[in-house]
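# Coordinate analysis (summary)
Here are the chains, one letter per residue:
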Amino acid sequence: MMLRRPPAAPAPPWRPRPRPPPAAAAARSVVTQVLTLDARNHGGSPSSPVMTYEAMSLDVQHLLSRLGITKCILLGHSMGGKTAMTLALQRPDLVERLISVDISPVSMAPVSEFSAYISAMKSVKIPDGLSRSAARQLADDQLRPVVQLPQLRQFLLTNLVEVEGRYVWRVNLEAISHHLADIMNFPVFHKPYPGPALFLGGSNSPYISSKDYPEIQRLFPKADVQHIQGAGHIVHQDKFEEFITAVLNFLPPA
């Protein structure tokens, strides 16, 4: 299984909690190898002026080839879900199963709340010399007028890191903002992915809606669409236990 994340989301949100619930322990007993990836312009991955789904799919394909992995289960959230879908549609021979978390294979308007989030992150000013907790609190206060959901602010703040005494974002906000139209859209495909697919949304999120079902069915004819009650866009954070259970139920028998 390989995990992909959305814009401005680094690796830590996918890592196990200090005291994992029963479903997390079961996941460790079922899945033999999990690789979590930082997309280009995110986390520890290199920066790049190009940020299309085709390019990010190639990044994953190159990694699979380098690691000698001939088939995998792909799981991706938001932008990572669209990257996973792109790879599955381009190279179905590499993908045993696909899990897209709270995102559909459709285009959204490039002008969205996410462009406002990027602008808010760019505007954050933190003086040198603050402790990490004080820096995060100050950034949280500055983001609050635009990013009103506390859990979303905490999600974005996982990108705030200290480098040589200064606090910076470890995502390439310039590249992301320049390619926001590419990120909000989805490439055109005509040939469907023939394998099993799970579209796992949050009931409080609009990103997998009934109007998307025809396109999901066209490109992923074996897709199962599920929604986790009470979860928003960050499904794995809002309802962790239910998320793990849904993923485990979709995986093939051990």
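See the structure printed just above.
Conventions we followed
Residues numbered from 1 in each chain as written. Predicted model: local features only at pLDDT ≥ 70, side-chain atom pairs only at ≥ 80, totals over all residues. Heavy atoms only, no water. Salt bridge = Lys/Arg side-chain N within 4 Å of Asp/Glu carboxyl O. Helix = DSSP H or I, 4+ residues; strand = E, 2+ residues; numbered from the N terminus. Buried < 20%, exposed > 50% of the residue type's maximum accessible area, 1.4 Å probe, protein only. Expected span 1.5 Å × (residues − 1). Phe/Tyr/Trp six-rings, centres within 6.5 Å; stacked < 30°, edge-to-face > 60°. Lys NZ or Arg CZ within 6 Å of the ring centre and 35° of its normal.

### So, the pattern of salt bridges
Summed over all chains, the structure comprises seven salt bridges. The partner of R153 in a salt bridge is D140, with the nearest N and O atoms 2.8 Å apart. Of this pair, R153 sits in helix α6 (residues 150–157) while D140 is found in helix α5 (residues 132–143), placing the two residues 13 residues apart along the sequence. When its relative accessible area of 6% is taken as the criterion, R153 is described as buried. Because the salt bridges share partners, they merge into one network encompassing D140, D141, R144 and R153.

### What about helix α3 (residues 79–90)?
Structural remark: α-helix, 3.6 residues per turn; residues separated by three or four positions point the same way. Its 12 residues give α3 an end-to-end C-alpha distance of 16 Å, which sits within 8% of 16 Å, the value for a rise of 1.5 Å per residue. By the criterion of burial, α3 is predominantly enclosed, with 11 of the 12 residues buried. For α3, the full list of buried residues reads M79, G80, G81, K82, T83, A84, M85, T86, L87, A88 and L89.

### A word on the packing of aromatic side chains
Scanning all chains against the criterion turns up five aromatic pairs. Among the aromatic residues, those joined into a cluster by ring pairs are Y53, F186 and F189. Above the ring of F250, the side-chain terminus of R97 is found at 5.2 Å from the ring centroid.

By themselves, these figures tell us nothing about what the structure is for.
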